[in-house]
Amino acid sequence: MQTAKRHVGFLVVSPFEQLDLVGPSAVFSYPRRAGIPAYETHVLSATKGTTVNSSGGLTIGPAVPYAEFDRPLDTLLVIGGPGSLVPPDPELRAWLRARSKRARRFGSICTGAFLLGEAGILDGRRAATHWRFCDEFKKRFPKVQVERDPIFVKDGHIYTTAGVTAGIDLALALIEEDLGYATAMSVARELVLFLRRPGGQAQFSYVLNEQENVSDQALRSLPSWVSANLTGDLSVRALAHVTSMSERTFARRFTEAFGTTPAVWVQMLRVEAVRQHLENSHLGLKEIGVRTGFADMSSLRRAFRAHLHASPLDYRERFRRDVAVGR
């Protein structure tokens, strides 16, 4: 049984997204083997400074300038944030290319994938990044196959994740690879996390897009509430009660905000949830229908075909993903 610590490095270009760094770092701090920490983490700064600065104003240290760090790393992850979107200097590109060959595992959190793309490390590979930046990533790095939905993607020894909290999912998955299911589950339980989060980032981005376009504050949180309650009562009366409106006022303001009726809109959210299950799980259609609030299989199939112009089974056969989504 291996008891030596595994060294995990986080390369940070300031300003960074603080949860990209703090989240995975916290996850790696929990496992212990034979009474000692299983991992030792290192913060590597892309500058000569000994601290790194987040976009939210948090300063973290001590950090080691990347050019001065000469210890071997088991795993190196590039942290995302505004700083990672700026093309790096030639020295950092060269360092990334060299380190990607020396580390057992290499990867990125969120928009940290842009730095890997700049270094040419992802050419010819599949990769993920934050859903909001997928189009920009595809334009800047046409040799990379962008996966828009998975929480994280593994291609060889390279791992890339979706947005922000996906770094936590990846850290748990890496712990499971190293130390087994029981250890990873213990960490997830301690931190009150999913060991394998259901769905993909498109599931969340769809709802966020719905919320972004709503100027009516009383209705802005409705998409996320409905998506979390697909098996409940989603009648106009119930939705009006949730938003503290009369049914008549709710129906009028809803149509103004979403451009459709509540019934059609709820059905769209249910179909979107079905689509996510078909792509990212092996659940049977009956179980998917139960989880997404459809009364029966006939209504599920009709709604799915009306919105996506395909049957659920045909859609699954064509689009079910074999890439890693946290499993």
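Residues numbered from 1 in each chain as written. Predicted model: local features only at pLDDT ≥ 70, side-chain atom pairs only at ≥ 80, totals over all residues. Heavy atoms only, no water.

> Teacher, can you tell me more about the sheet that holds strand β1 (residues 6-12) here?
Where strands meet in a sheet, backbone hydrogen bonds hold them as pairs that are either parallel or antiparallel. Spatially, β7-β4-β1-β8-β9-β13-β12 is the arrangement adopted by the seven strands of the open sheet, whose pairing is mixed. On the outer flanks of this sheet lie β7 (64-65) and β12 (152-155), each paired with one strand and no other. The sheet contacts of helix α5 (residues 166-179) involve β1, β4 (39-45), β8 (75-78), β9 (105-108), β12 and β13 (158-161), and relative to β13 the element is tilted by about 150°. (Pairing = 2+ DSSP bridges. Helix = DSSP H or I, 4+ residues; strand = E, 2+ residues; numbered from the N terminus. Contact = heavy atoms within 4.5 Å. Axes fitted to C-alpha atoms, helices over the stretch in contact; angles between N-to-C directions.)

> Would you mind showing me how to read the nonpolar core here?
A general trend in soluble globular proteins is that nonpolar side chains are found buried together. The biggest cluster of nonpolar side chains holds 33 residues, and the ones touching the most others in it are L21 and F28. Elements with a contribution of two residues or more to this core: β1, α1 (18-28), β4, α5 and α6 (181-190). At nine residues, α5 tops the list of elements feeding residues into this core. Excluding anything up to four places from it in sequence, L21 contacts F10, V12, F16, V43, I60 and I79. Listed in part, the 28 residues of the second largest apolar core include Y66, W95, A113 and V144. (Core = buried A, V, L, I, M, F, W, Y, C linked by side-chain atoms within 4.5 Å. Buried < 20%, exposed > 50% of the residue type's maximum accessible area, 1.4 Å probe, protein only.)

> Hey, could you run me through helix α11 (residues 247-258) in this one?
Because an α-helix packs 3.6 residues into every turn, residues spaced three or four apart end up facing the same way. Given a rise of 1.5 Å per residue, twelve residues ought to cover 16 Å, and the 16 Å separating the end C-alpha atoms of α11 matches this to within 8%. Within α11 the residues assigned to the buried category are F250, F254 and F258. Projected down its long axis, α11 carries its buried residues within an arc of 30°, all on one side. More than 90 degrees from the buried face of α11, the exposed residues found are R248 and E256. Just past α11, the residue G259 takes up positive phi, approximately 70°. (Expected span 1.5 Å × (residues − 1). Arc of directions from axis to C-beta.)

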